[in-house]
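# Examining the three-dimensional arrangement
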2 protein chains.
Amino acid sequence: MRMRATMKDVAALSGVSLKTVSRVVNGEPGVSEELIQRVQSAVAQLDYRHNLAASNLRRGHRTGSIGVLLHDLRNPFSATLLRAIEDRARPAGVAVLSSSLDDLQEREALMAGAMVSRRVDGLVLMPTGDDQSYLFSDIRAGLAVVAVDRPARGVDVDTVVVDNAGAAQQAVAELAALGHRRIACLSDSEQIWTARERRRGYLKGMAAAGLEPDERMVVANLRSSLEATQATLELLDSAEPPTAIFAARNDLTVGVVRALRQRGLQRAVALIGFDDFPMADLLEPAVTVIAQDLEALGARAADLLFARMQQGSAPSQHVEVATTLVLRESGAIPPAASR
Amino acid sequence: MRMRATMKDVAALSGVSLKTVSRVVNGEPGVSEELIQRVQSAVAQLDYRHNLAASNLRRGHRTGSIGVLLHDLRNPFSATLLRAIEDRARPAGVAVLSSSLDDLQEREALMAGAMVSRRVDGLVLMPTGDDQSYLFSDIRAGLAVVAVDRPARGVDVDTVVVDNAGAAQQAVAELAALGHRRIACLSDSEQIWTARERRRGYLKGMAAAGLEPDERMVVANLRSSLEATQATLELLDSAEPPTAIFAARNDLTVGVVRALRQRGLQRAVALIGFDDFPMADLLEPAVTVIAQDLEALGARAADLLFARMQQGSAPSQHVEVATTLVLRESGAIPPAASR
DNA sequence: GCCTAACAAGACAACGTTGTCATTGAGAAG
DNA sequence: CTTCTCAATGACAACGTTGTCTTGTTAGGC
């Protein structure tokens, strides 16, 4: 195992000074053609690789890297966001460090700290905890931060979200218009802003339709697809089962689908889910969803981030990306079907 | 915007030497309790953040970061791998840089170079091109490399793959045992090793069953789900349509499902796909697939990588992870159903 | 032939940190 | 009281690179 060649080695082999090697490697002007050749051949001969870390230390302290902290990189939601951000970073020569937070508060701060230690120029964060003020001093020191999917608290940063409450309300309105009166709502951890917002939208929608929500049908704090299946089964087996279900996150929606299948009720109980998911259109019945434009969400987040990395101090921007109610079969099932 | 505090600033504020601050920050022994307190309070007061880049420069040159170069981070296949690797890296305090290659050869070398410039300690690579010898000198300099999903060429590195040909052959055997004789094969770019292997397995399976493959039914170089749909429609509309289809990658399988639906043949034509995909069990009919244990694949890759990062020179290991033929409905459709 | 640009090339310090070694002082052993 | 030991602390160089400044060389104008 041979040691890595440094500029010093290249300089020695080509018989020039360190600085001249630096100039050639960085493509700076003011080096004669002859020396450029000599240096380049030494670079090739020694397999010299530029060390960005050392370079950044001396230069303006930019590392050309960003951190992306999302919920779960395996989940298509996070994965699509990451990909959209990556596609903006690559042409800019910016490297992407990523991590799944699994909605763990302590992990959020821990991983953010790890990224700051590595001196990322920016951070795209899907906030987990209810307080991001730990980022304050880093932001003051020049760290660009964009909150995505959920707003940050305790610091003033650029934000890209969707109108969760509005979209949820619209979904409920859609079901109510079909004549549904017993509409259930399944949502995830109340600790998460989107879950609270979507639940709020559900309640607003119910109120707008003049419906009194049965609190037994409003189930929160579901942590997984499996728990959603369980909860749905209990609802379906109860004395007064719902005729329609609103599921507030894609994995919960899938859990609901499983439960409906188990009871053979997939064509009897209406369903609208928040977040589109792969194959939703190929299920039978195809599942009606509120789709977020994740490409746009990620692209906007990346744009805001890069803009802020360019010039740090500007008033923070709060962008709301539109959602689309994708009408498929499951959302069009009338209440009559359930008798 | 205030400049970032350095150890020098902390030392000045707490009235100790630079080295003492370094000792406290790194938790090294030999500092009196009183000074530890003084330093820690200065650290807190100045919001000092340790600079890993500078630290690594002086230390053993390990950056505590790895690069992960996969096909497409949005695709559940790559996303699951990334997540499995991330889950091994996190407890080790290792940061993960990732990138999608989209099967572009030039991007592979480019991104690998970008990671090497950042001095990652290791690289998990899903090789795209047919020559990875450009990594030779970096490996000699201590870079740990693991090839995943496909073997690397031109360098001797640890490898984690599955028995693509064997699994494909098994799938074809399954279909042949049901009595299918006209079995189509849809595969992706011949440039990709897995595509070639799976096609080879298909041909072996056909031969083993005493079947002569009709070359019009062996379609290669499909680049997307859409192209798979197109190709399937053409096959279905031909004079002698297949009674069963083998699709060599998850997105192609989905494309085939779409085509079968369009012709109303989803319960008439058998289908087995390579790679499981979300919701495959919830489609009607549920899709029979060859499932790879991606958690295991990613975990094994990460294990090999970390082992090699620990002690560089050991004979390279070539691991084959088992696949499972997940028998669902679409693979059990008999040929009679197609008349 | 002399002076001045203009340019090529190098010497040196600095980025933020840590390894190595020297210094200091206190307490133990004689 | 001296010498020795040991623990705590600090001075300094070094990691690989680049910004700044200096030096040297050559060509051109008078």
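Residues numbered from 1 in each chain as written. Chains lettered and ligands numbered in written order. Predicted model: local features only at pLDDT ≥ 70, side-chain atom pairs only at ≥ 80, totals over all residues. Heavy atoms only, no water.

A few words on the protein's contact with DNA strand D. As a structural note, the neighbourhood of DNA strand D is formed by 28 residues, with Ser 22 and Tyr 48 of chain A together with Thr 20, Ser 32 and Arg 58 of chain B the closest of them. Counting only atoms of DNA strand D within 4 Å of the protein, the sugar-phosphate share comes to 62%. The contact in question runs from a phosphate oxygen of DNA strand D to an N or O atom on the side chain of Ser 22 of chain A, over 2.6 Å. The set of elements that each furnish at least two residues to the surface near DNA strand D consists of helix H2 (18-25) and helix H4 (52-58) of chain A together with helix H2 (18-25) and helix H4 (52-58) of chain B. (Near = heavy atom within 4 Å. Polar contact = N/O pair within 3.5 Å; in protein donor to acceptor, adjacent residues only side chain to side chain. Helix = DSSP H or I, 4+ residues; strand = E, 2+ residues; numbered from the N terminus.)

Moving on, we get to the interface of chain B and chain A. Each side of the interface is counted separately: chain B has 56 residues, and chain A has 56 residues. Summing both sides of the interface, chain B and chain A together bury roughly 5,300 Å²; the carbon and sulfur share of this comes to 50%. Where chain B touches chain A, the interface holds 16 salt bridges. Between Arg 261 of chain B and Glu 284 of chain A there is a salt bridge; the shortest N-O distance is 3.5 Å. (Contact = heavy atoms within 4.5 Å. Buried area = accessible area lost by both parts, 1.4 Å probe. Salt bridge = Lys/Arg side-chain N within 4 Å of Asp/Glu carboxyl O.)

So, on to the protein's contact with DNA strand C. By nearness alone, 28 residues border DNA strand C, and Thr 20, Ser 32 and Arg 58 of chain A together with Ser 22 and Tyr 48 of chain B come closest of all. Near the protein, meaning within 4 Å, the atoms of DNA strand C are sugar or phosphate in a fraction of 63%, with bases accounting for the rest. In this structure, a phosphate oxygen belonging to DNA strand C sits 2.5 Å away from a side-chain N or O atom of Thr 20 of chain A. One of the side-chain nitrogen or oxygen atoms of Ser 22 of chain B is found 2.6 Å away from a phosphate oxygen of DNA strand C. Elements supplying a minimum of two residues to the surface near DNA strand C: H2 and H4 of chain A together with H2 and H4 of chain B. It is H4 of chain B that provides the largest number of residues to the surface near DNA strand C, a total of four residues. Taken together, the residues that form the surface near DNA strand C break down as nine nonpolar, 11 polar and eight charged. (Nonpolar A, V, L, I, M, F, W, Y, C, P; charged D, E, K, R; others polar.)

Another point: the packing of helix H1 (residues 7-14) of chain B against H2 of chain B. Helix-helix packing is characterised by the crossing angle of the two axes and by the distance between the axes. All names here are of chain B. Relative orientation of the contacting elements H1 and H2 amounts to 105°, with a least axis distance of 8 Å. With respect to each other, H1 and H2 are oriented roughly perpendicular. Here Met 7, Lys 8, Val 10 and Ala 11 of H1 lie close against H2, whose contacting residues are Leu 18, Val 21, Ser 22 and Val 25. Here the residues of the contact of H1 with H2 sort into six nonpolar, one polar and one charged. (Axes fitted to C-alpha atoms, helices over the stretch in contact; angles between N-to-C directions. Parallel < 35°, antiparallel > 145°, perpendicular 65-115°, else oblique.)

Before going further, it helps to examine the packing of aromatic side chains. Counting across every chain of the model gives zero aromatic pairs over all chains. Arg 198 of chain B extends its terminal NZ or CZ atom over the ring of Phe 274 of chain B, reaching a point 3.7 Å from the ring centre. (Phe/Tyr/Trp six-rings, centres within 6.5 Å; stacked < 30°, edge-to-face > 60°. Lys NZ or Arg CZ within 6 Å of the ring centre and 35° of its normal.)

The subject of this paragraph is the relation of the copies chain B and chain A. Rotating chain B by 180° and moving it 0.1 Å along the rotation axis overlays it on chain A with an RMSD of 0.1 Å. The operation mapping one copy onto its partner corresponds to a two-fold rotation axis. Of every C-alpha in chain B, the one belonging to Leu 97 of chain B sits nearest the axis of rotation, 2.3 Å from it. Comparing contact sets, 100% of the residues at the interface of chain B also lie at the interface in chain A, consistent with an isologous, same-surface contact. (Least-squares fit on C-alpha atoms with pLDDT ≥ 70 in both.)

As a further point, take the domain arrangement of chain A. Residues and elements named next belong to chain A. Partitioning chain A into domains gives domain 1 (7-50), domain 2 (65-161 + 294-321) and domain 3 (164-292). The C-alpha-based centres of domain 2 and domain 3 are spaced at 29 Å. In this assembly, 14 residues from domain 2 lie in contact with 12 residues from domain 3. Together, the buried faces of domain 2 and domain 3 total about 980 Å²; carbon and sulfur atoms form 49% of this surface. The tally of links between domain 2 and domain 3 comes to one salt bridge. Close ionic contact of Asp 103 with Arg 249 constitutes a salt bridge, the shortest N to O distance being 3.8 Å. On the surface where domain 2 and domain 3 come into contact, there are two residue pairs in polar contact (both at pLDDT 80 or more). (Domains from an automatic or database assignment.)

Enumeration according to the criterion identifies 60 salt bridges over all chains in this entry. One salt bridge in this structure joins Asp 87 of chain B and Arg 83 of chain B, with 2.5 Å as the shortest N-O distance. Residue Asp 87 of chain B and its partner Arg 83 of chain B are located together in helix H5 (residues 76-89), separated by four residues, close to a single helical turn. According to the relative accessible area criterion, Arg 83 of chain B is buried, its value standing at 4%. Salt bridges sharing common partners tie together Asp 72, Asp 102 and Arg 107 of chain A together with Arg 83, Glu 86, Asp 87 and Arg 90 of chain B. (Buried < 20%, exposed > 50% of the residue type's maximum accessible area, 1.4 Å probe, protein only.)

Next up on the list: the packing of helix H8 (residues 164-177) of chain B against helix H9 (residues 193-208) of chain B. Residues and elements named next belong to chain B. Following both chains from N to C, one finds H8 and H9 inclined at 40°, their axes separated by 7 Å at the closest point. Of the possible angle classes, the one that applies to H8 and H9 is oblique. Every pair of crossing elements has a handedness; the one defined by H8 and H9 is right-handed. In contact with Asn 164, Ala 165, Ala 168, Gln 169 and Val 172 of H8, H9 contributes Trp 193, Thr 194, Glu 197, Arg 198, Arg 200, Gly 201, Tyr 202, Lys 204, Gly 205, Met 206 and Ala 208. In terms of residue class, the contact of H8 with H9 is made up of seven nonpolar, five polar and four charged. (Left-handed = near helix turned anticlockwise from the far one by under 90°.)

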